[in-house]
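# Summary of structural features
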Amino acid sequence: MNILVTGGAGFIGSNFINYFINRDDVLIYNLDKLTYAGNLDNLKSIREKRNYTFIKGDICNSELIDYLFTKYKFDYVINFAAESHVDRSILGSEIFFRTNVIGTNVLLEAAKRFDVKKFIQISTDEVYGSLGPTDLFTEKTNLSPNSPYSSSKAAADIMALSFHHTYGLPVVITRCSNNYGQFQFPEKLIPLMIINALNDKKLPVYGDGLNVRDWIYVLDHNRAVELVLEKGRVGEVYNIGASCEMRNIDIVNLILKKLEKDEDLIEFVKDRPGHDKRYAIDSSKIQTELGWKPQTLFEHALYETIDWYINNKEWWGKIITGEYQKYYDIQYGNS
Ligand code: NAD
Ligand code: TYD
């Protein structure tokens, strides 16, 4: 099967390709614009594989997309490509709507014209908004996104489902919770805190640190995407989560403990505007229907992830200069 994977040089997409490329029955075409978040180093170990092709390009470029669909006759599309960071979306939202909404529209239009067998839209639990202390997001929870990032993802979800409803396009949506693992760009909570702690820099915790996220190891997410590709029912939404709710401050403390660094490094900083309080996923639908189960224990995989960042200083050393430093100074001040 010919699979178009978009955004395959980013965190989750590159982990997906590194995992999925080992199957004999797939040819993977990775289309990525290589924004600040795209990194071909993530794919070093597989770039020579005969069933892997990289194409640098923008999902918003309809001529390019048309050309690629004509040339490679994709059977499947997995759309990971996105602007993905909430804080950047608060600093400026335009590129979020361009890539996440217009880009998805370009892909859906092409998928419709070229009769793909399945189009997987990789979405997020953030489209549901924020939870109170006890309930869970199910696939029936109303969409109530609060950030420019999550509202752009929600718009793309609704559009994708409308292509199924109107044209019969075989769309499936996945909504996963917060991922962690190797190759995650250091703007996100876990790698940011690991790298700052390794560099004895302050760890900026927003607000009171009591916001809750539901964490999943990236490989567990990608195994779910594989199952959705094989067996997911079209027109459906599948929530993906490992029932691992953690307060931000508890994660930061675990990282400090593992690195044997002092709690004094923690600095409570101004809260993120519109900061969602709690996310938590009910993943019983994908578990019952498709037989998915998370296979990873949080503390174990978090410690493995920390070890990965300790052992891959070269990978992140290149990233935290230049554009990243500029972003960091704007986001956090010159601390
Ligand atoms: P990421 O920011 O690490 O990677 C995004 C990739 O998309 C990068 O390689 C980037 O170069 C590429 N890209 C951006 N704009 C593009 C464009 N216009 N054309 C082609 N390529 C483009 O993101 P991630 O964390 O790997 O997230 C991947 C997907 O999973 C996103 O759709 C995101 O919304 C979703 N998601 C992420 C999480 C998470 O915890 N990170 C959780 C749930 C869902
Ligand atoms: P993040 O990794 O940006 O994911 P998301 O906002 O998409 O859930 O943030 C995870 C949580 O960590 C979120 O509640 C915001 C918080 N956070 C901080 O406290 N400090 C930081 O520097 C960052 C990046 C996040």
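The rules behind the values
Residues numbered from 1 in each chain as written. Chains lettered and ligands numbered in written order. Predicted model: local features only at pLDDT ≥ 70, side-chain atom pairs only at ≥ 80, totals over all residues. Heavy atoms only, no water. Helix = DSSP H or I, 4+ residues; strand = E, 2+ residues; numbered from the N terminus. Rg over C-alpha atoms; globule rule 2.2 N^0.38 Å. Buried < 20%, exposed > 50% of the residue type's maximum accessible area, 1.4 Å probe, protein only. Contact = heavy atoms within 4.5 Å. Areas by Shrake-Rupley, 256 points an atom, 1.4 Å probe, with all protein chains shown as cover. Lys, Arg positive; Asp, Glu negative; His and termini not counted. Charge placed at Lys NZ, Arg CZ, Asp CG, Glu CD. Near = heavy atom within 4 Å. Polar contact = N/O pair within 3.5 Å; in protein donor to acceptor, adjacent residues only side chain to side chain. Nonpolar A, V, L, I, M, F, W, Y, C, P; charged D, E, K, R; others polar. Axes fitted to C-alpha atoms, helices over the stretch in contact; angles between N-to-C directions. Parallel < 35°, antiparallel > 145°, perpendicular 65-115°, else oblique. Left-handed = near helix turned anticlockwise from the far one by under 90°. Pairing = 2+ DSSP bridges. Right-handed = clockwise from strand over helix to strand, strands pointing away. Salt bridge = Lys/Arg side-chain N within 4 Å of Asp/Glu carboxyl O. Phe/Tyr/Trp six-rings, centres within 6.5 Å; stacked < 30°, edge-to-face > 60°. Lys NZ or Arg CZ within 6 Å of the ring centre and 35° of its normal.

## Examining the overall build of the chain
When you go through the chain residue by residue, the secondary structure sums to 12 helices and 12 strands. For the chain, the C-alpha radius of gyration of 19 Å lies close to 20 Å, the compact-globule estimate for 335 residues. Within the chain, the proportion of its 335 residues that are buried is 57%. For the chain, the share of sequence-separated contacts (at least 6 apart) that also reach a separation of at least 24 residues comes to 82%. By element, 50% of the accessible surface of the chain is carried by carbon and sulfur atoms, the whole surface being about 14,100 Å². With 38 positive and 44 negative side-chain charges, the chain shows a separation of 4 Å between the mean positions of the two kinds.

## Focus on the site of ligand 2
Taken together, 20 residues sit near ligand 2, with Glu126, Arg213, Arg272, His275 and Tyr332 positioned nearest. Here a nitrogen atom of ligand 2 and a backbone polar atom of Pro204 are 2.8 Å apart. Protein contacts shield 97% of the accessible area of ligand 2, which totals 510 Å² for the unbound molecule. Counting residues per element, the ones that place at least two in the shell around ligand 2 are α3 (86-91), α6 (189-198) and β8 (203-206). Considering only residue class, the shell around ligand 2 consists of 9 nonpolar, 5 polar and 6 charged.

## Notes on the packing of helix α8 (residues 248-258) against helix α10 (residues 298-311)
At a minimum axis distance of 11 Å, the contact between α8 and α10 shows a crossing angle of 55°. Considering their axes alone, α8 and α10 lie oblique with respect to each other. Classified by chirality, the crossing of α10 by α8 is right-handed. From α8, Ile251, Leu254, Ile255, Lys257 and Lys258 reach across to α10, where they touch Phe298, Glu299, Leu302, Tyr303, Ile306 and Asp307. When the residues that make up the contact of α8 with α10 are grouped by side-chain class, the tally is 7 nonpolar, no polar and 4 charged.

## Considerations on the pairing of strand β1 (residues 2-6)
In terms of burial, β1 is a largely internal element, 5 of the 5 residues being buried. Examined bridge by bridge, β1 and strand β2 (residues 27-32) share 5 bridges and lie parallel to one another. Residue pairing for β2: Val5 is matched across the bridge by Asn30. Crossover connection from β1 via helix α1 (residues 11-20) to parallel β2: handedness right-handed. Where β1 and strand β4 (residues 76-79) come together, 4 bridges link them in parallel fashion. Its bridge partner lying in β4, Ile3 is registered against Tyr76.

## Observations regarding the pattern of salt bridges
Going through the model one piece at a time under the given rule, you end up with 24 salt bridges. Among the salt bridges present, the one from Asp41 reaches Lys318, with a minimum N-O distance of 2.8 Å. A residue pair is termed long-range when its members are at least 10 positions apart, and Asp41 in the loop between β2 and β3 (52-56) and Lys318 in helix α11 (residues 313-319) qualify at 277 residues. For Asp41, a relative accessible area of 23% translates into the label partly exposed.

## Here's the deal with the site of ligand 1
If you check the shell around ligand 1, you find 28 residues, and the closest are Ile12, Asp32, Ser84, Tyr149 and Lys153. Take Asp32: an N or O atom from its side chain is 2.6 Å from an oxygen atom of ligand 1. A distance of 2.8 Å separates a nitrogen atom of ligand 1 from a polar atom in the side chain of Asp58. In the complex, 97% of the free accessible area of ligand 1, which totals 830 Å², lies under the protein chains. At the level of secondary structure, the elements contributing two or more residues to the shell around ligand 1 comprise α1, β5 (118-124), α5 (148-167) and β7 (178-180).

## Overview of the packing of aromatic side chains
Under the counting rule described, the total for this entry stands at 25 aromatic pairs. Between the aromatic rings of Phe137 and Tyr279, the centroid separation amounts to 6.2 Å while the plane-to-plane angle is 40°, which identifies the pairing as tilted. Pair noted here: Phe137 is in the loop between β5 and α5 and Tyr279 is in the loop between β12 (266-269) and α9 (284-290), with a separation of 142 residues, a long-range link. This pair shows no difference in class: Phe137 is buried, exactly as Tyr279 is. Between the aromatic rings of Tyr324 and Tyr328, the centroid separation amounts to 6.0 Å while the plane-to-plane angle is 45°, which identifies the pairing as tilted. Taken together, the residues span about one helical turn, with Tyr324 and Tyr328 both in helix α12 (residues 323-332) at a distance of 4 residues. Residue Tyr324 shares its accessibility class with Tyr328, and that shared class is buried. Following the ring pairs from residue to residue traces out a cluster consisting of Tyr36, Phe185, Tyr206, Tyr324, Tyr327, Tyr328 and Tyr332. Looking at Arg88, its charged tip hangs above the ring of Tyr327, at a distance of 4.1 Å from the centre. Across the ring face of Tyr328, the terminal group of Lys201 is positioned such that the distance to the ring centre comes to 4.2 Å.

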